Amino acid sequence: MAREALTDARGFGRYAATLYVIAIALSLVPVAAHAARRHLPYPSLASPLEISGSQYTPIGWADIPGWSEDDQLQAYKAFRISCKPISAQQKPPADPKALGISLRDPCRAAKALDISDGAKARAFFEQHFLPLRISRLGEGEGFVTGYYEPVIDGSRTQTDVYTVPVYRRPSNLFVRGFKQSAASLPNKGEVFRKIGRRKLVPYYDRAEIEDGKIAGRGLEICWLKNQTDLLFTQIQGSARVRLEDGSTVRINYDAHNGYPYTAVGRILIDRGIIPKDQMSMQRIREWMDQDPDGANELRRQNRSYVFFREVQLSDKDEAVGAQGVPLTPGRSIAVDKSLHVYGTPFFIEGELPIESEQSKTPFRRLMIAQDTGSAITGPARADLYFGAGVEAGRVSGRLRSNMRFAILVPRSLDPVARGRKMPLPDARPSEKIAKLFPQVDPLKDQKPKDQTQKDQNRGAKPTEASAAPGSKDTFNAREPAKTAAPAAAPPSAAVAQASTPVAVAKPVPLPEARPNPKPIHELRHQRRYRDYLRVR
């Protein structure tokens, strides 16, 4: 009986102890939760919109001249074309930009809509975007040029008439970070060729390639009449080559040789050959046709060289931009792809010489970024695409104009709303707190003891740095003194003042030096000696 009672008592004791432990654990839950909350990091907040080297200001739709008069239907159709590769992206791009993947939301909305008039297209952009006036830092306007797709004569084989080859990308051309089989290569940066198994050197420049450095390797896509046709094709980035049998070969930009582009028009202006106000692609071509030797020398000043690829497009299809989608004449632009995302809408307004070289035709249109170019750099820089053919070449060749830019950003990137969520810095301490805890460097104005003693012997007045802590003059140095100091004190007063003990701020003590531990072999020797004595 006693044994059973003892067993029951032990069981009850264990049960009570278990309950006690559970109660303690439950009581610590709020403390642990509070501690966890205290140690949580700051929430990840979206930073305000930032485009390198730019300045931008939020504006209203009514503040954009020509916005309500433009027919945005063609721009809406071009935007939907850009939405196809945007929606196909599975992960953010490797080189993050300000807009990132934010265009997915308006693209998703555009896919569900069937808009057939300009008013509804305008309402779509107003509903899903916000306009920002944008320009290069320190400037008020942007800059635009024009480009087109040349239509030139050519041949699939080399003849006495067609002697200039159009090369595809060579197999020995290397760009760091890209495979040789990559579908597209950057249009900027260094390009190399391999010598042997490991050595990389800069690729051939224009003069070397024109002199035949890569000839005879089977890289020729087709042949043109002269180097001027090839130069302008390389500047435009694409062309339609009409063959003798009536068919057409479509070629697009594929790679370059790594040298920066040098504008031949700028060289002609600097040399005084063509006045700046008369500069156009037509004038450049006319001068090159009249002076072949000078054209050969001028062309080689531009060491950059472009390689092409053949694309399977019909005569009715427009050229394909760097985004991989067909361009829309009058609505597609090339932008700096290091700053902007393909598919971004821009409203560009100003005056352009479209009708003639002297005309100032109002140009106020919503454009879609779908292409790029090596000469297109900056946040408010665009190349306007005008289509294919001679007339498009005349118009685009005249364009070198300052224009005003408005970038349309998705509403999810509203810079004003994002700016409100940014954490503010800690408030500055009040004047009372600043007086109680002055930020004084005690070693800055402290004099050596012998110098202080000499000053006291001469009756010098203590400096402000040696004033007693809490002195009003110490903390209100910026305020003018309320009472003027006496011009000169009698000698007795000076002696009395010098004899008065002055509180001098002590220097901040340095931390104690770290102990100098004995070498390990010495400690082992002492330990063995103690063991020897213990045994003895």
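First things first, this report covers the structure right here in the doc. Starting afresh in each chain, residues are numbered from 1 along the sequence in its written order. Owing to the predicted nature of the model, reporting of local features is limited to residues with pLDDT of at least 70; listing and counting of side-chain atom pairs is limited to 80 or more, with chain, interface and lining totals taken over all residues. Here the side-chain values reflect all heavy atoms present in the structure, with hydrogen atoms and water set aside.

### Brief notes about the overall build of the chain
Going by this rule: Runs of E in the DSSP output that reach at least two residues are strands. Runs of H or I that reach at least four are helices, and both are numbered from the N terminus. Any two residues whose heavy atoms approach within 4.5 Å are treated as being in contact. Note on areas: these come from Shrake-Rupley sampling with a 1.4 Å probe, and a residue is covered only by the protein chains present in the view.
Scanning the chain for helices and strands turns up 16 helices and 17 strands. Sequence separation of at least 24 residues holds for 78% of the intrachain contacts in the chain that already meet a minimum separation of 6. Carbon and sulfur atoms make up 54% of the accessible area of the chain, which totals about 33,600 Å².

### Focus on empty space enclosed by the protein
Just so we agree on the cut-off: The rule is simple: put a 1 Å grid over the protein atoms alone, call a set of points where a 1.4 Å probe fits but cannot get out a cavity, call an open set with protein on both sides within 12 Å along at least five of seven lines a pocket, and count a residue as lining if it has an atom within 4 Å of a point. Grid points are joined across faces, edges and corners, and a volume is the space filled by probe spheres set on the points. Residue polarity is assigned by list, with Asp, Glu, Lys and Arg as charged and Ala, Val, Leu, Ile, Met, Phe, Trp, Tyr, Cys and Pro as nonpolar; anything else, Gly included, falls into the polar class.
According to the stated counting rule, one finds one cavity of 30 Å³ or more in the structure shown. In this structure, the largest cavity encloses a volume near 40 Å³. As for the largest cavity, its lining consists of Ile86, Gln89, Gly100, Ile101, Arg104 and Val341. Grouping the amino acids of the lining of the largest cavity by side-chain chemistry returns three nonpolar, two polar and one charged.

### Remarks on the sheet that holds strand β11 (residues 248-256)
Applied cut-off: The pairing criterion for strands is at least two bridges between them, as found by DSSP. Only the stretch in contact is used when a helix axis is fitted, and all axes are lines through C-alpha atoms; the angle between N-to-C directions ranges over 0 to 180 degrees.
The six strands are arranged β5-β9-β4-β10-β11-β12 in an open sheet whose pairing can be described as mixed. This sheet does not close on itself; its edge strands, each paired only once, are β5 (164-167) and β12 (306-311). The sheet shows a mean angle of 45° between the axes of neighbouring strands, taken without regard to direction. Relative to β11, strand β10 (residues 238-242) runs antiparallel, the two sharing five bridges.

### Examining the packing of aromatic side chains
The condition is simple: Note on aromatic contacts: the rings of Phe and Tyr and the six-membered ring of Trp form a pair at centre separations within 6.5 Å, being stacked when their planes are under 30 degrees apart, edge-to-face when over 60 apart, and tilted otherwise. Three exposure classes are used, based on accessible area relative to the maximum for each residue type with a 1.4 Å probe and protein chains only: buried under 20%, partly exposed in between, and exposed over 50%. The criterion for a charge sitting over a ring is simple: Lys NZ or Arg CZ within 6 Å of the ring centre, and within 35 degrees of the ring normal.
Scanning all chains against the criterion turns up 14 aromatic pairs. Plain terms: the ring middles of Tyr203 and Phe307 are 6.2 Å apart, the flat faces sit at 90° to each other, and that makes the pair edge-to-face. Taken together, the residues Tyr203 in the loop between β8 (199-202) and α5 (206-210) and Phe307 in strand β12 connect sequence positions 104 residues apart. Across the pair, Phe307 and Tyr203 agree in class, each one buried. An aromatic cluster is built from Tyr76, Phe79, Phe124, Phe125 and Phe129, whose rings are joined through pairwise contacts. Positioned above the aromatic ring of Phe232, the side-chain terminus of Arg285 is 4.8 Å from the ring centre.

### Quick notes on the sheet that holds β8
Strand order across the open sheet formed by three strands is β6-β7-β8, with antiparallel pairing between neighbours. Either end of the sheet is taken by a strand with one partner, and the two such strands are β6 (173-174) and β8. In this sheet, β8 lies alongside strand β7 (residues 192-195) in antiparallel orientation, the contact comprising four bridges. Considered in β8, the bridge of Ile195 is made with Lys199.

### What to know about the pairing of strand β9 (residues 220-224)
Of all five residues in β9, four are buried, a share of seventy percent or more. Pairing between strand β4 (residues 151-155) and β9: two bridges, direction antiparallel. Note on β9: the bridge partner recorded for Gly154 is Leu224. Across four bridges, the pairing between β5 and β9 is antiparallel.

### Regarding the pattern of salt bridges
Opposite charge on two side chains allows them to pair when their charged atoms are near. Put simply, the rule is: Any Lys or Arg side-chain nitrogen found within 4 Å of a carboxyl oxygen on Asp or Glu counts as a salt bridge.
Tallied over the entire structure, the rule returns 22 salt bridges. We note a salt bridge from Asp70 to Arg331, for which the minimum N-O separation is 3.0 Å. One end of the pair, Asp70, is in the loop between β1 (54-58) and α2 (73-88); the other, Arg331, is in the loop between β12 and β13 (332-334), and 261 residues separate them in sequence. Pair check on accessibility: Asp70 and Arg331 agree, each one buried. With its nearest N and O atoms 2.9 Å apart, the salt bridge here joins Arg299 to Glu210.

### Focus: the pairing of strand β2 (residues 129-136)
The buried fraction of β2 is high, at seven of eight residues. Where β1 and β2 come together, five bridges link them in antiparallel fashion. Pairing of Ser54 across the sheet is with Arg136, part of β2. The pairing of β2 with strand β17 (residues 400-410) spans six bridges and is classified as antiparallel. Residue pairing in the sheet places Leu132 in a bridge with Ile407 of β17.

### Here's the deal with the side chain of Gln72
What counts is decided by this rule: Residues adjacent in sequence count toward polar contacts only when both atoms are side-chain atoms; beyond that, a polar contact is any pair of N or O atoms within 3.5 Å, and within protein one must be able to donate a hydrogen and the other to accept it.
Considering the arrangement of structural elements, one finds Gln72 in the loop between β1 and α2. Side-chain polar atoms of Gln72 contact the backbone oxygen of Trp67, separated by 2.9 Å. Ignoring any residue separated from it by four or fewer positions in sequence, one finds Gln72 in contact with Trp67, Gly118, Ala121, Arg122, Phe125 and Leu366.

### Examining the side chain of Thr361
Structurally, Thr361 can be placed in strand β15 (residues 361-371). Residues within four places of Thr361 in sequence aside, it is in contact with Gly350, Glu351, Leu352, Ile354 and Glu355.

### A closer look at the packing of helix α6 (residues 227-236) against helix α8 (residues 281-290)
Quick reminder of the rule: An angle counts as roughly parallel when it lies under 35 degrees, as roughly antiparallel when it exceeds 145, as roughly perpendicular when it falls between 65 and 115, and as oblique in every other case. Whether a crossing is left-handed or right-handed is set by the direction in which the near helix is turned from the far one by less than a right angle, anticlockwise for left-handed and clockwise for right-handed.
The N-to-C vectors of α6 and α8 enclose an angle of 155°; their axes lie 11 Å apart at closest approach. The pairing of α6 with α8 is recorded here as roughly antiparallel in orientation. Regarding α6 and α8, the two cross each other, and that crossing is right-handed. Contact with α6, carried on its side by Thr228, Asp229, Leu231, Phe232 and Gln236, involves Met281, Ile284, Arg285 and Met288 of α8 and no other residues of that element. Of the residues in the contact of α6 with α8, the class split is five nonpolar, two polar and two charged.

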